[in-house]
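Structural characterization, general
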Amino acid sequence: MSRLIVVSNRVNPPADAGVGTAGGLAMALAAALREYSGVWFGWSGETVETFSGQISMQKVGGVTVALVDLEEQDREEYYDGYANKTLWPLFHSRTDLAAFERSFGEGYERVNRRFAETLAPLIGPNDLVWIHDYHLIPLAAELRRLGVKNRIGFFLHIPWPGRHQMTTLPQHRELVETMLAYDVVGFQTNDALEAFGDYIERELELAIDDGVITANGRKTRIGAFPIGIEAQDFADLATQDVAREAFERVRYSQAGRKMILGVDRLDYSKGLEERFLAYEQLLVDHPDWAEHVFLLQIATPSRDAVQAYQEIRARLDGVSGRINGAYATVDWVPIRYVNRGHRRDELAGIYRAAQVGLVTPLRDGMNLVAKEYVAAQDPEDPGVLVLSKYAGAAEQMQDALIINPFSREETSEALGRALAMPLKERIARWRRLMDGVLADDVSAWRDRFVAALRSDPRPAPVLLPPPSEKMANDG
Ligand code: ADQ
């Protein structure tokens, strides 16, 4: 039987599915590797003076991991540089924040070549190779150069930008051409798939025939494979002891007030400042809600080495402080802003205690918080999800209150509607959302992608039904 070799920039399988603070990607990949016996390859997160290509093999949480150290210059140019200062902002429609420095591109190529040279000897003849995310786009092309003939797939966790944005990237053509070394290229949404197709047809002038691009004698299948969560496990977690304690603690502190909850990695793509301002708009438009509601925002700092992240942090401290200063009373604080990570089971209890889940990214590949919020709800008294139309999750979750996160009025109106929504409507919406979250869970995602990767030459189409609303760049 063929093994599955998963490759991603960082390798961090959770030691225990219940208590880890690992993000969505880590949870999803660990689940895939437990199902198919396999190896997870990537950067250790450590740097050494001189790159040696030495692999450290370990077993973590039932998963075999193969780690390699990089040099400090690699970290600066490939990780902090090209991945986080060039591709991340560009792919999240923040061309204004994207840095185009030649050394970043060189570091990116160098590290992908180093990964390929280190990984190639580990690949057996029948192994399937599944490469993840924007850090590693050219990896298959590097592996092919070394003679690797295995089936190789790529999944992009973040959005694919519009054609005009993509062409602001120097060497955009060379980068996209490396993607034709894959057998399967997967995106989160139809929106991203369409944007990629547009680039392929108009910039590379290649035809796409029934989801397949043919170039240089190779066929590359492209498709939408929306990622999910471990939905049933997460729903179960929400009723267990630690979650119940977290639920009770939050409910006690609510003192009968309704809670709006945001949970995010601290990132400018998540729309946190716009969210705080929309919540302020609610207090302005509906002063009757003041003292009867509060916003709990949990935001874990990330990528502190990148200046844009230090700036967003400082801005959020300022905006939340100003709103609290303007509206607080002796026994009510409008925004509780918490900057730390939580165990997943604690988080499940906090989600369950919230009457409203507020997920308002300006751009997001999928957004697993939206799905976790739904999975954690009490079926007899569920909360309401308010969701940005620019989260990939919105393609599947049309029973949420869908908003434009750039519009304070629209978001504030949806908050008012969510807070006042009758139980019957809450249950009906939640049931439909939950059925979707359960059906399109992380196992379904993994199985669809691996089936597409296995099948040669053409798997069954994996496209989503068309969304009821066109979501591409229309706001
Ligand atoms: P992220 O941008 O990291 O992932 P997201 O999908 O929202 O975003 O996942 C965040 C994960 O981190 C969730 O599982 C959440 O529970 C967890 N998390 C966030 N804050 C936390 C906290 N304070 N404590 C504990 N856990 C916390 C990228 C893409 C997304 C895509 C995923 C998966 O940017 O668009 O959905 O990959 O493909």
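The structure presented is a predicted model; accordingly, all values stated were derived computationally and were not measured.

Quick notes on the rules
- Residues numbered from 1 in each chain as written.
- Predicted model: local features only at pLDDT ≥ 70, side-chain atom pairs only at ≥ 80, totals over all residues.
- Heavy atoms only, no water.
- Domains from an automatic or database assignment.
- Contact = heavy atoms within 4.5 Å.
- Buried area = accessible area lost by both parts, 1.4 Å probe.
- Salt bridge = Lys/Arg side-chain N within 4 Å of Asp/Glu carboxyl O.
- Polar contact = N/O pair within 3.5 Å; in protein donor to acceptor, adjacent residues only side chain to side chain.
- Helix = DSSP H or I, 4+ residues; strand = E, 2+ residues; numbered from the N terminus.
- Expected span 1.5 Å × (residues − 1).
- Buried < 20%, exposed > 50% of the residue type's maximum accessible area, 1.4 Å probe, protein only.
- Pairing = 2+ DSSP bridges.

1. Focus: the domain arrangement of the protein chain
When its domains are assigned, the protein chain resolves into domain 1 (4-228 + 442-465) and domain 2 (231-438). The C-alpha centroid of domain 2 is placed 30 Å from the C-alpha centroid of domain 1. Taken together, the 32 residues of domain 1 in the interface contact 22 residues of domain 2. For the pair domain 1 and domain 2, the summed buried surface comes to about 2,100 Å²; carbon and sulfur atoms form 59% of the total. On inspection of domain 1 and its partner domain 2, the count reaches one salt bridge. Across the pair Arg-363 and Asp-191 runs a salt bridge, and its minimum N-O distance is 3.8 Å. Our count for the contact surface shared by domain 1 and domain 2 stands at five residue pairs in polar contact (both at pLDDT 80 or more).

2. A few points about helix α16 (residues 442-454)
One turn of the α-helix equals 3.6 residues, which is why residues spaced by three or four share an orientation. With 13 residues, α16 should cover 18 Å at 1.5 Å per step; its first-to-last C-alpha distance of 18 Å lies within 8% of that length. Restricting attention to buried positions, one finds in α16 the residues Val-442, Ala-444, Trp-445, Arg-446, Phe-449, Val-450, Ala-452 and Leu-453. Two or three places before Ser-443, at the opening of α16, Asp-441 has a side-chain oxygen 3.2 Å from that residue's backbone nitrogen.

3. A look at the sheet that holds strand β2 (residues 38-48)
Pairing in this open sheet of ten strands is mixed, and the strands run β3-β4-β2-β1-β5-β6-β7-β10-β9-β8 from one edge to the other. Strand pairing shows two members of the sheet lacking a second neighbour, β3 (55-60) and β8 (208-209), which therefore form its edges. As judged from the four bridges shared by strand β1 (residues 4-10) and strand β5 (residues 128-132), these two strands associate in the parallel manner. Pairing of Leu-4 across the sheet is with Leu-128, part of β5.

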